[in-house]
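# Structural description and commentary
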Amino acid sequence: MFHIVFHEPRIPPNTGNAIRLAAVTGSTLHLVEPLGFDLSDAKLRRAGLDYHDLARVRVHSDLDAALAFLNEHGSGRVCAFTGHTDRSFTDVSYRSGDALLFGCEPDGLPDEVLRHDRVTDRVRIPMVPGARSLNLSNAAAIATYEAWRQNGFDGGL
């Protein structure tokens, strides 16, 4: 399936929602430290409801550790989501095992991450002019379902 990667997330309910997203899509959620919360945070637990036991969640000490894991256990492709490109996320042909990389709230992915040699593509989710950004967990859901749709919702009902 797919790998959802949150680089240094800050808001517990977004990560809780992503735990639920990972569970219902068969994806793995990767959290790159430092995290802006404790994984036992009540808001994170509430947002994830009872999906924590159904989701695969991995915590990595830094981006290089996460990318090394993904290189070994994924497709090797990393798609970074950013507002600093013209390429739409729908222009990518996603493959099982791809990593969908998202930045923290409210700053997004830093330049050094976007320029990382392991990032294979930089894409954006279109929005109306003047809108700053989508909620992190909403952006992850939009991207994950597009990738899964392109793969025939493999493993889904």
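Thresholds applied
- Residues numbered from 1 in each chain as written.
- Predicted model: local features only at pLDDT ≥ 70, side-chain atom pairs only at ≥ 80, totals over all residues.
- Heavy atoms only, no water.
- Buried < 20%, exposed > 50% of the residue type's maximum accessible area, 1.4 Å probe, protein only.
- Helix = DSSP H or I, 4+ residues; strand = E, 2+ residues; numbered from the N terminus.
- Pairing = 2+ DSSP bridges.
- Right-handed = clockwise from strand over helix to strand, strands pointing away.
- Axes fitted to C-alpha atoms, helices over the stretch in contact; angles between N-to-C directions.
- Contact = heavy atoms within 4.5 Å.
- Phe/Tyr/Trp six-rings, centres within 6.5 Å; stacked < 30°, edge-to-face > 60°.

### Notes on the pairing of strand 2 (residues 28–32)
The buried fraction of strand 2 is high, at five of five residues. In terms of strand pairing, strand 1 (residues 3–7) meets strand 2 through five bridges, oriented parallel. The residue bridging Val5 from the neighbouring strand is His30, located in strand 2. Crossover handedness for the path strand 1 to helix 1 (residues 12–25) to strand 2: right-handed. The pairing of strand 2 with strand 3 (residues 56–60) spans five bridges and is classified as parallel. Paired with His30 across the bridge in strand 3 is Arg58.

### Describing the sheet that holds strand 4 (residues 78–81)
Strand order in the open sheet formed by six strands is 3-2-1-5-4-6, and the pairing between neighbours is parallel. Of all the strands in the sheet, the pair left with one neighbour each is strand 3 and strand 6 (121–123). Going from strand to strand, the sheet's axes swing by 25° on average, the running direction of each strand aside. Each of strand 1, strand 2 and strand 3 touches helix 1; the most contacted strand, strand 2, lies at about 150° to it. On top of the sheet, helix 5 (residues 136–150) reaches strand 1, strand 4 and strand 5 (99–102); it is set at about 160° to strand 5, its chief contact.

### A word on the packing of aromatic side chains
Under the definition given, this model contains five aromatic pairs. The interplanar angle of 50° and the centroid separation of 6.5 Å between the aromatic rings of Phe81 and Phe89 together place this pair among those described as tilted. Look at Phe81 and you get buried, because its relative accessible area is 8%. Ring centres of Tyr145 and Trp148 lie 5.5 Å apart, and the angle between their planes is 65°; this geometry places the pair in the edge-to-face category. A residue pair is termed a helical-turn pair when its members lie 3 or 4 positions apart in one helix, as Tyr145 and Trp148 do in helix 5 at three residues. Grouping aromatic residues by their ring pairs yields a cluster made of Phe6, Phe81, Phe89 and Phe102.

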